[in-house]
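So you can see what is in the structure, the chains are spelled out below.
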Amino acid sequence: MGAAGVGGGGVSSTAPGPTTLTQVAVGHHLLTVGGPDGTEAVPLPASSRPLPRRRAAARRPSGYPPLGRQAEIAEVRGLLGRGTSVRIGGPAGIGRSTLLKHLASGDAAGAPDGVVVLDGYRSGLDDLLQQFHDACFEAEAYRPTREALGELLGGVAALIVIDDLDLRPDEMTELLAIAPECVFLVSAPSPAPAPDGTPAPATTAFGGELSRAESPFHEIMLGGLPQDAAFDLLNRVVGRELDDEELAWAAALWFEVDGHPGRFAQAGALLARLGTAVARDEYDTLPELPSPGEPQLFVPRLVPLLSRPAQQVLRLGAALGGVLPDPAHLPALTGANGAHSAANELVEAGLVVVENGRYRLAGGVADEAAGQMRGPSSWAVAAIQHFTWWVSHPTVTPAEIAEEADVVLACMREVERLGKSSSVRVLARAAAPAFATALRFEAWRATLLLGSSASAATGAVADQAWFHHELAILALCTGENAKAREEASTASRLRDAGDKRGLAADRRILVLAGERPGTFGAEAGVVQRRVTMAGKRGVLTLAAAGVLVVTLAVVVAIGSDDPSGGGNPSNTSVSVTNGVPAVGGDPAAPGAPGSSNAPGTSGTPSATRATTTATATSTATKSATSTKSASATSTKGNTQVAPPPGTGESPGSPGNPPPSPATSRPSSPTNEPSTQTTKPTGEPSSPASTS
C-alpha cells in the first residue's frame, strides 16, 4: 500500500478508486460497479469473456528454520512427495505457520507448477477458490463460475499451501475435487481440550467430527518443542546466555507448558526486559517473574514492560477483535511515530503473529491482557473514522481496501455493538463497491448485511434500499436467483416513488433472475399505493367524485319515472362542493331556472324527461361503470331507486315527508307499459285522471 493511501498525498494510483465506475466479469454477467443507483448487471457476451493466462509461480522466502521440527519436516516431505495431502493441527502458537512457511519455500512436493500459497484465515470456499484462480492465472477482473473454475484449475499441478483453513468437510472434499492434480498442505488450529483434559476431535476445525480414516488428509498433530530446542528459542529471544537460576526456571516451565513455543517466546521477552538496566531504571519496582505453573500471567506481567507505542498497538488489536491493519496505518491510529517498529516488538515478544503479511494478536493474548487494556471502545470509534476517510480517498485502490477487509469489518462490528449505527452505515456504503470490484464476495456480503442493519436502525430508507439492491446483485452472481428476486423486491418496496431509475434497476434484476415481466404488477401496485399515500390522493378523490356525479345523474334520470314522485324531476339539482356531490330535492320556486313555471321552460313531462335522459346519456358515455349501472337499473320495472346516503332525498326516509297526493299523479300510458312518470307540480290533470 502506497503512502498516499494513509497520508492523503504523495504517490497517486493508476488503478480505479472505489468511487470510479468499474466493470468486472462475474460468471455469465458483466457488472458495472460504482453507479449512483448501485451495481448494474447485464448478460456477459461470450466474445467479451476474459481469457485467463497462466501465471508463473513465485518463490517464497523461508525465514527462520523451525527449531526442533526435523522429524516433522521429514515426515511431511515424504507424504507430499508421494502425492498425499497433509493437514497439520495443533493449538494456537504451537508453530504451524512457521512450519508451513518453511515447507512452502523449499517446494517439498516437487510439483511441476510450483507452490501456491493461500490465506485461509476467515476465508470461505468461494473466496478461497478465487484466490486460487488469481494465483494461477492472469486476467482482467474476472470471477469464473464454479464449472469454469473446475476446467481451469483441473489442469494445475502444484503444491497448495493454506494456513488457518477452516472449512466444512463437504467443502474440503469439493476443494480437493476441483484441483485433482494438486497436493494440499494445510493447517488449522485444533479446538481446546475439554475441562477434564480429553482432547477434542482433530477435525472439528473443519466443521465436523471425523475420524482419521474419514479425513481427506493425512493428519499430523504438532506438539511442543524438545527441551534443548525450547532453551535455544529462549536464548534467541533473550539475546544472551541464561544463568543457572533462569535455566532452572526455564526447565520447570518446559514441563508445565509441554514445550509450547509461544509460551517460551513470551517468557524470553519477560526475561529480556527484567534483566536489563533500562528496565531497572524505568521501574521503581520490577514485576516478579511469574511461577512456571502460571503461564497465563506472562502477558499481564509483560504488557507494562513494553514500549508505549507497542502498548498502543496492542490496545488497538484488542479493540478490533485481534486483527491489526497494515503497519502504515498504525501512526495515524495510535498517534505514535514508532508504531511500525512497535509491531515488530510485539512479534518478538510472542504477542503478535505475522501470517501472509498480515498482523494479528496471538491466540489468547486479547483475553489474557484484558485487564491491561483501557478504552477499547474509543479505539474502535477512532479506527472507523480513520478507515471511513481512507476508503473514500480517491488515491486508494479497491485492491488495497480488500487487503484491509478483516480490519474494516472488525471496525464495523465493534462500532455497531456500541450502538453507533450511523458510522457503520457510512463506512459500509463506501467500502462495499471496493469489495465488489476486488471480487471479495464474502467481505462484500458481510459489509452489505452490516450496512442494511445499520440503515434500518437509523431510519435511512434510501440507503437500506441500496444495500438490498446490492444483495440482489450478489445473489445473482452466485446463482441464487430466488434470493436475488427477494432482495430486488425488497429494494423496490423501500424506494421512494420518485426514484424511477432505482425502481427500473430493480426490475432489470428481476428479469435477469428469471422473473416474467407480467408479474411486475404486484410490485407496481405497491408502488402506486405509495404514490397515493405520498400526497396524490386528490387525483383519485376527484376521479371518484366524477364517477359519483355520473351515477347520481343516472339515478335522477331513472327516478324521474318513479310513480312515487319524490318531487319534480326537472327541479332536482346536482352540485359538487369540495369534491362531494349533493342533491337538492326541494321543489323549485316559481320562476326559478328549471321550474315548470320559468319562462322558456317546457312544462310537459315528456320534455322534462327527454332533457334529463339526454343529460344522463351524454354523461354516462364518459364512464363504463355508470353506463352499466344505468342499463341494469332501467331493466327493473317500478323499482324505487334511492340516492346515496347523505342526500336526504329518499322519499319516505326519516326527515323527508312522503309526497302529497296533490303533487303526485299517475300519468297516461306510454309506449313502455312498465314505466310510470310523475306529473310536475302545477300541471292540469287529464280527464282520464279526473274520472
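Residues numbered from 1 in each chain as written. Predicted model: local features only at pLDDT ≥ 70, side-chain atom pairs only at ≥ 80, totals over all residues. Heavy atoms only, no water.

Visitor: Looking at this structure, I do not really get the pattern of salt bridges. What am I missing?
Guide: Opposite charge on two side chains permits them to pair, given that their charged atoms come into close proximity. Enumeration according to the criterion identifies 25 salt bridges in this entry. One salt bridge in this structure joins Glu-72 and Arg-69, with 3.5 Å as the shortest N-O distance. Residues Glu-72 and Arg-69 agree in their burial class; the two are buried. In this structure, the salt-bridge partner of Glu-368 is Arg-263, at a minimum N-O distance of 2.7 Å. Here Glu-368, found in helix H15 (residues 365-368), pairs with Arg-263, found in helix H9 (residues 261-274); they are 105 residues apart in sequence, far enough to count as distant. Salt bridges sharing partners connect three or more residues here, namely Arg-96, Asp-164, Glu-355 and Arg-360. (Salt bridge = Lys/Arg side-chain N within 4 Å of Asp/Glu carboxyl O. Buried < 20%, exposed > 50% of the residue type's maximum accessible area, 1.4 Å probe, protein only. Helix = DSSP H or I, 4+ residues; strand = E, 2+ residues; numbered from the N terminus.)

Visitor: Would you take a moment to explain the sheet that holds strand S6 (residues 115-119) for this structure?
Guide: The pairing of strands in a sheet comes from backbone hydrogen bonds and takes either a parallel or an antiparallel form. Taken together, five strands build an open sheet; the order of strands is S6-S9-S10-S5-S11 and the sheet is parallel. Each edge of the open sheet carries a strand with a single partner, namely S6 and strand S11 (218-221). When the angles between neighbouring strand axes are averaged without regard to direction, this sheet yields 20°. Sheet topology places strand S9 (residues 159-163) next to strand S10 (residues 183-189); four bridges connect them, and they run parallel. Residue pairing in the sheet places Leu-159 in a bridge with Val-183 of S10. Docked against the sheet, helix H4 (residues 125-136) engages S6 and S9, running at close to 145° with respect to S6. (Pairing = 2+ DSSP bridges. Axes fitted to C-alpha atoms, helices over the stretch in contact; angles between N-to-C directions. Contact = heavy atoms within 4.5 Å.)

Visitor: Could you clarify how one ought to interpret the sheet that holds strand S2 (residues 29-33) in this entry?
Guide: Reading across the sheet, the four strands line up as S3-S2-S1-S8 and stay open at both edges, with mixed pairing between neighbours. Either end of the sheet is taken by a strand with one partner, and the two such strands are strand S3 (40-43) and strand S8 (142-143).

Visitor: What is the right way to look at the packing of H4 against helix H6 (residues 169-178) in this model?
Guide: Helix packing geometry: the angle between the two helix axes and the distance between the axes. In contact at an axis separation of 11 Å, H4 and H6 are set at 20° when each is read in the N-to-C sense. With respect to their mutual orientation, H4 and H6 come out roughly parallel. Like other packed secondary-structure pairs, H4 and H6 cross with a definite hand, here right-handed. Between H4, through Leu-125, Leu-128 and Leu-129, and H6, the contact on the second element is made entirely by Glu-171, Glu-174, Leu-175 and Ile-178. In terms of residue class, the contact of H4 with H6 is made up of five nonpolar, no polar and two charged. (Parallel < 35°, antiparallel > 145°, perpendicular 65-115°, else oblique. Left-handed = near helix turned anticlockwise from the far one by under 90°. Nonpolar A, V, L, I, M, F, W, Y, C, P; charged D, E, K, R; others polar.)

Visitor: Sorry if this is basic, but what is going on with helix H18 (residues 405-417) here?
Guide: Given 3.6 residues to a turn, an α-helix orients residues that are three or four positions apart in the same direction. Counted at 1.5 Å a residue, the expected span for H18 with its 13 residues is 18 Å, and the 18 Å between its end C-alpha atoms agrees. Once H18 ends, the next one or two residues include Gly-419, with phi positive near 85°. (Expected span 1.5 Å × (residues − 1).)

Visitor: Help me understand the nonpolar core, please; the structure alone is not making it clear to me.
Guide: Soluble globular proteins tend to bury their nonpolar side chains together. One finds Phe-264, Leu-351, Met-412 and Trp-444 to be the most contacted residues of the largest nonpolar core, which totals 102 residues. Setting aside residues no more than four positions away along its own chain, Met-412 makes contact with Ile-384, Val-424, Leu-427, Ala-428, Thr-447 and Leu-450. Among the nonpolar cores identified, the runner-up in size contains 25 residues, and Val-156, Leu-167, Met-172 and Phe-217 belong to it. (Core = buried A, V, L, I, M, F, W, Y, C linked by side-chain atoms within 4.5 Å.)

Visitor: Please explain the packing of helix H20 (residues 441-458) against helix H21 (residues 461-477) as it appears in this structure.
Guide: The contact between H20 and H21 brings their axes to 9 Å, and the two run at 155°. Judged on the interaxial angle alone, H21 and H20 are roughly antiparallel. The chirality of how H20 crosses H21 is left-handed. For the pair H20 and H21, contact is made by Phe-441, Trp-444, Arg-445, Leu-448, Leu-449, Gly-451, Ser-452, Ser-455 and Ala-456 and by Asp-463, Gln-464, Trp-466, Phe-467, His-468, Glu-470, Leu-471, Ile-473, Leu-474 and Cys-477, respectively. Considered class by class, the residues forming the contact of H20 with H21 number 11 nonpolar, five polar and three charged.

Visitor: Any chance you could explain the environment of Asp-243 here in plain terms?
Guide: Along the polypeptide, Asp-243 turns up in the loop between helix H7 (227-238) and helix H8 (244-257). At 3.3 Å, the side chain of Asp-243 forms a polar contact with the backbone nitrogen of Glu-245. From its side chain, Asp-243 meets the backbone nitrogen of Glu-246 in a polar contact 2.7 Å long. (Polar contact = N/O pair within 3.5 Å; in protein donor to acceptor, adjacent residues only side chain to side chain.)

All quantities given are derived from atomic positions and should not be read as evidence of function.
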